[in-house]
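# Observations on the three-dimensional arrangement
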Amino acid sequence: MTFDATVNPITYEGGEPVFIDTEADTWNMSPEALRVAFELYPDVKLIVVVHLYGTPGKIDEIRKIADEHGALIVEDAAESLGATYKDKQTGTFGDYAVVSFNGNKIITGSSGGMFLCSERADADKIRKWSTQSREAAPWYQHEELGYNYRMSNIIAGVVRGQIPHLEEHIEAKKRIYERYKSGLSDLPITMNPFDSSNSVPNYWLSCALIDEDAMASMVRGEQDYLWNHETSKSSPQEILDALATFNTEGRPIWKPMHLQPIYRSHAFVTVNGNGRGQSNAYISGTMTDIGADIFRRGLCLPSDNRMTAEQQDVIIDIIRRCFK
Ligand SMILES: Cc1ncc(COP(=O)(O)O)c(C=O)c1O
């Protein structure tokens, strides 16, 4: 369960992604399903792991599995800048890691991002590839394929100007999360979870998950949906429509990659529902995997730092009315 930018680079490079189910504790990669995936695909040499919505995943367990199988980790910390796991920042656990400064992130330069690595030689190589692979010759000399992935100095300036405000942004996001948590506490809703004994999220996006027995009927096609109002119940699409009526933007949970038309013929490994092993939730028509279930019952709440407490109270009231 992630945004497809986590996966596309695997395909750019001719790789074949095998999708791993989500776990319920942090909504990130399930180490248990990952372990089963290595039984099925022992030759895989790369794990791409994301910290969704700014919540650190179970990175120690994933690192242990990676080391047992001699696999490298690319850590997608695009959404989690400033979040920590066992007091270490996300983006420092992978062999390589990325952070995004896209317009919607906790620190933004409107677009762009950071690639993180620990070896000087890797940094030099990546800097070279990202600037069309120019060799150190007096003329434009090209001996390997290059890319235009460099960051402009203007964006770098905007990003550097915001870095000193990271903690402040995290505090604001945390206040938003806590306000939703207490404001929605008497509804059949839980907030996106995190492992409070090991991690501190950056609270980038506040999300809600509707209890199964409070789910009103809702169906989704590929690009459209239908919902019914039912007393004391609601659904993500009903709430999102209600918010939109008040010119307020929420979002569905990121639709898992194994359910996406572009990727759903790929292998998907879950340990939930049908027992251990491989399943394709879309083809079998089951909704037993955890990612699909969170997509069905969850939604991203408006989480902009500029939202006032009064505006957030209106949002909470709109959600409350959906459950009447
Ligand atoms: C989880 C995740 N990975 C990768 C990206 C891609 O980052 P960028 O837009 O900077 O390419 C994003 C968001 O944009 C994201 O949310």
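Here, the structure is the one placed above.
Owing to the predicted nature of the structure, the values given are computational and were not obtained by experimental measurement.

### Focus on the state of the cysteines
Per the stated rule, a full pass over the model turns up zero disulfides. Cys 300 provides the cysteine sulfur closest to Cys 207, a residue in no disulfide bond, and the two sulfurs are 4.0 Å apart. Given a relative accessible area of 0%, Cys 207 falls into the buried group. You can call Cys 300 buried: its relative accessible area is 2%.

### So, the sheet that holds strand E10 (residues 207–210)
An order of E8-E10-E15-E13 is seen for the four strands of this open sheet, with the pairing classed as antiparallel. Both outer strands of the open sheet, strand E8 (189–191) and strand E13 (251–252), are each paired with one neighbouring strand and no more. Sheet analysis places E10 next to strand E15 (residues 298–300), joined by three bridges and oriented antiparallel. Each residue of the ladder has a partner; that of Ala 208, found in E15, is Leu 299. On the sheet, helix H7 (residues 236–245) packs against E10, E13 and E15 and is oriented at approximately 25° with respect to E15.

### Quick notes on the pattern of salt bridges
Oppositely charged side chains can form a pair if their charged atoms are brought close together. The full count for this structure, using the stated rule, is 24 salt bridges. Between Arg 251 and Glu 249 there is a salt bridge, with its nearest N and O atoms 3.3 Å apart. Between Arg 306 and Asp 304 there is a salt bridge, with its nearest N and O atoms 2.9 Å apart. Residue classification places Arg 306 among the exposed residues on the basis of a relative accessible area of 70%. Accessibility expressed as a relative area gives 35% for Asp 304, which makes it partly exposed. Where salt bridges share partners, they join Lys 125, Lys 128, Glu 135 and Glu 144 into one cluster.

Rules of the game
Residues numbered from 1 in each chain as written. Predicted model: local features only at pLDDT ≥ 70, side-chain atom pairs only at ≥ 80, totals over all residues. Heavy atoms only, no water. Disulfide = S-S within 2.5 Å. Buried < 20%, exposed > 50% of the residue type's maximum accessible area, 1.4 Å probe, protein only. Pairing = 2+ DSSP bridges. Helix = DSSP H or I, 4+ residues; strand = E, 2+ residues; numbered from the N terminus. Contact = heavy atoms within 4.5 Å. Axes fitted to C-alpha atoms, helices over the stretch in contact; angles between N-to-C directions. Salt bridge = Lys/Arg side-chain N within 4 Å of Asp/Glu carboxyl O.

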